[in-house]
Amino acid sequence: MADILTFNDLKKHFVIGQEGFLRREPITVKAVDGISFAVQEGETFGLVGESGSGKSTVAYTTIGMYRPTTGTIRFRDKDLFADKKRPLALRKQIQIVFQDPGSSLNPRRTVAQILALPLRLHRPQENVLQQTAQLLDMVELTLEYMHKYPQTLSGGEKQMVAIARALATEPSFVILDEPTSALDVSIQGKIINLIMRLQREFNLTYLFITHDLSLMRNVASRVAIMYLGKICEIADAVEFFRTPYHPYTQMLLASIPVLSEEEEALKPRKTVSRGEIPSPVNIPSGCSFHLRCPRHMDICSVVDPVMVEVEAGHSVRCHLFPPS
Amino acid sequence: MGEVIPARHSHPTISLEQVKLMERQTRRENLGRAWYKFSRNSLSLVGAAMVLLVLLLAIFAPLVAPYPEHVKPFTDFANAKLPPSWAHPFGTDEIGRDILSRSIFGFRYALWMGVVVLSLVVPPGVLLGLVAGYFQGTRIDTIIMRITDIFLAVPPLILALAIASILKPNLSNAMMAVSLMWWPWYTRLVYGLASTLRNEYFVVSAEVSGASTAHILFREILPNVISPIFTKISLDMGWVIIIGSTLSFVGLGVQPPEPGLGTMVASGAKYLPDQWWIAVFPALAIVLIVLGFNLLGDGLRDMLGAEEI
């Protein structure tokens, strides 16, 4: 299948201050530090990581909130950052659903007004009211919601409106930045089903960002794990859950809470998880994971490993898998 | 017979007329809720009543005032310094003018001062605050906010005194002087709110869609800062009127024989305490109008939920 979005050695560093008295050295946070991967047309690509791993920075750079420090993001062979201001035609194609539906809807604007903005900007020749009604119908909300203000909606309803707004421009690529993590468990399933149905109906490609691995097992076609701004492992979802190679992936999979013995048997052998994710200001030398790694070797604290394709479509960045 | 929108899912079909009906209903409910919050505090109702009274008196002054001719140049030494009576409920001043009539006309100057100053001050102050807040951290922010800081550092009354005394002392120069020192408060208020709001996801989302800066400033951010602005306007009406009366009191505002409330207090001060009514009733008129606007402002704050002020 064709690639729709290609990340090529993307880096995003933030200067957050300066240190030193006479020679001022900038303090930088390497939020995203050289990631390369491609999302294919029509798939759901899961980007998983702990908080602070840089997964949201990837999302915000893709939508154009930030410009990359170095590296490129291409959308169907168009460089997203070729122009200083992103053209409307590209904005139309790439949309986002944010994590917190409370903050993503303007409390002073009605649902109809919220949906009208992208409609007016990207589909100016169409009847706004008619389209608004269709969008609401699309996300399974009744027309009564048109003139409601966000504070009168439940968390799930707010997220449905946010999804409708993202789809208002008729995009082909939608970033889902933890779309369910702020919601009640009872409503999460409903939102996920809605998201997956819309993907089938409109042939959407998703970049699904989450810290919830068990959710990825159900929705993603491919999964990548991020740790401190870098990708550790990337594989087809089935492969990923069956034979995880990276010690960090194994640790994450082992830490998923399960209810039954059968589920326990599916998990990789018990790995002890230890430590917290270090601050991205002070990234450890060598492999950034070596301080927490149960299988670390002498080389790990000195040399940063490179990405190696162990099997077709399954790549790992770990010294246990040296390049041949 | 409106256009009918077909529903693909299980919802019943609904006409656009019904949608409009629902919109009206929502609006009515919101108004009802706002009134409930406002009227819960009886003091804000008292404030609203006081403001309404002052407004009506000012508008219909020539009809309400018992001696409207006493506002123009007029002397009647035979009836000078009369204490309050049925004929002159507030008494008469040192040249025989009816103080009640002059106080009623005095409301006009006080309200005029407040309205003119605030309409000069609020739009530019709010606009600068919105722009600086939205471009937070850039050079635009630095320039606007440092200029604001400079203006805030000048003692307001002294600046107004200086300007009013350099130029001709009259009401319009007093209003100009007060306006010049008042806008930074609005810039500061709006800047604080806008710089937080600009990072909210709804603003980011509008940016992602490609909305213009004007749309983001006036349609996304402004509606979220409008409540604190209205509350501040109501509270500031009182303050501006006090400052205006103070300038009139020291002779830099409304010029005699025009009936400025501050001017009347100043001329009556000489006759304290024996002919107390000459100064005290105009002073009470100032209290009425300022207290009214302050109570109303508190009520608006409760109603609009603007805790920032």
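First, a word on what this report is: a plain description of the structure on this page. (Residues numbered from 1 in each chain as written. Chains lettered and ligands numbered in written order. Predicted model: local features only at pLDDT ≥ 70, side-chain atom pairs only at ≥ 80, totals over all residues. Heavy atoms only, no water.)

Thoughts on the overall build of chain A
Within chain A one finds 11 helices and 12 strands. Burial statistics for chain A: of 324 residues in total, 54% are counted as buried. When contacts within chain A are restricted to residue pairs at least 6 apart in sequence, long-range pairs at least 24 apart make up 63% of them. Summed over all atoms, the accessible surface of chain A reaches about 14,600 Å², with 52% contributed by carbon and sulfur. Distance between charge centroids for chain A: 7 Å, based on 36 positive and 35 negative side chains. (Helix = DSSP H or I, 4+ residues; strand = E, 2+ residues; numbered from the N terminus. Buried < 20%, exposed > 50% of the residue type's maximum accessible area, 1.4 Å probe, protein only. Contact = heavy atoms within 4.5 Å. Areas by Shrake-Rupley, 256 points an atom, 1.4 Å probe, with all protein chains shown as cover. Lys, Arg positive; Asp, Glu negative; His and termini not counted. Charge placed at Lys NZ, Arg CZ, Asp CG, Glu CD.)

Points about the pairing of strand 9 (residues 222-227) of chain A
Taken residue by residue, a regular strand's side chains alternate between the two faces of the sheet. Residue and element names in this part refer to chain A. A large share of strand 9 lies buried, amounting to six of its six residues. Examined bridge by bridge, strand 3 (residues 44-49) and strand 9 share five bridges and lie parallel to one another. Note that in strand 9 the partner of Gly46 across the bridge is Val223. Where strand 9 and strand 10 (residues 230-236) come together, six bridges link them in antiparallel fashion. Along strand 10, the bridge assignment pairs Tyr227 with Lys230. Where strand 9 folds back onto strand 10 in an antiparallel hairpin, the turn is made up of two residues, including Leu228, whose phi is positive at roughly 45°. (Pairing = 2+ DSSP bridges.)

Considering the packing of helix 4 (residues 111-122) of chain A against helix 5 (residues 128-138) of chain A
The description of two helices packed together rests on the angle between their axes and the distance between the axes. Residues and elements named next belong to chain A. The interhelical angle for the contact between helix 4 and helix 5, taken along N-to-C directions, is 110°, at an axis separation of 10 Å. Taken together, the axis directions place helix 4 and helix 5 in an arrangement best described as roughly perpendicular. Seen along the crossing, helix 4 lies across helix 5 with a hand that is right-handed. In this structure, helix 4 contributes Val111, Ala112, Leu115, Ala116, Leu119 and Arg120 to the contact, and helix 5 contributes Val128, Gln131, Thr132, Leu135 and Leu136. (Axes fitted to C-alpha atoms, helices over the stretch in contact; angles between N-to-C directions. Parallel < 35°, antiparallel > 145°, perpendicular 65-115°, else oblique. Left-handed = near helix turned anticlockwise from the far one by under 90°.)

Notes on the packing of aromatic side chains
In the structure shown here, the tally under the stated rule is 18 aromatic pairs over all chains. Ring centres of A:Tyr60 and A:Tyr66 lie 6.3 Å apart, and the angle between their planes is 75°; this geometry places the pair in the edge-to-face category. By relative accessible area, which is 9% here, A:Tyr60 ends up buried. Of note, A:Lys148 hangs over the ring of A:Tyr145, and the distance from its end group to the ring centre comes to 4.6 Å. One cation-aromatic arrangement involves B:Lys232 over B:Tyr186; the distance from NZ or CZ to the ring centre is 5.5 Å. (Phe/Tyr/Trp six-rings, centres within 6.5 Å; stacked < 30°, edge-to-face > 60°. Lys NZ or Arg CZ within 6 Å of the ring centre and 35° of its normal.)

Here we look at the environment of B:Phe151
Residue and element names in this part refer to chain B. In this structure, Phe151 sits in helix 5 (residues 139-153). Accessibility expressed as a relative area gives 27% for Phe151, which makes it partly exposed. For the pair Phe151 and Trp185, spaced 34 residues apart in sequence, the C-alpha separation works out to 9.5 Å. In contact with Phe151, not counting residues within four places along its chain, are Leu180, Trp183 and Pro184.

Details of the sheet that holds strand 1 (residues 3-19) of chain A
Sheets are built from strands that pair by backbone hydrogen bonding, the pairs being arranged parallel or antiparallel. All names here are of chain A. Spatial strand order, 2-1-4-5: four strands in an open sheet with antiparallel pairing. If you trace the sheet from one side to the other, it starts and ends with strand 2 (25-40) and strand 5 (78-79), each paired once. Bridge count between strand 1 and strand 2: 13 bridges; the pairing is antiparallel. Following the sheet pairing, Leu5 is matched in strand 2 by Val39. Running over the sheet, helix 1 (residues 55-62) touches strand 1, strand 2 and strand 4 (70-75) and is turned about 110° from strand 1.

Some remarks on the nonpolar core
Within soluble globular proteins, side chains that are nonpolar tend to cluster in buried spots. Counting residues in each nonpolar core, the largest one holds 73 residues, and the members touching the most others are B:Val178 and B:Ile289. Looking at which element gives the most residues to this core, the answer is helix 4 (residues 99-134) of chain B, with 17 residues. If sequence neighbours within four positions are ignored, B:Ile289 has contacts with B:Val54, B:Phe107, B:Ala110, B:Leu111 and B:Ile241. Listed in part, the 65 residues of the second largest apolar core include A:Val128, A:Leu143, A:Tyr145 and A:Ala220. (Core = buried A, V, L, I, M, F, W, Y, C linked by side-chain atoms within 4.5 Å.)

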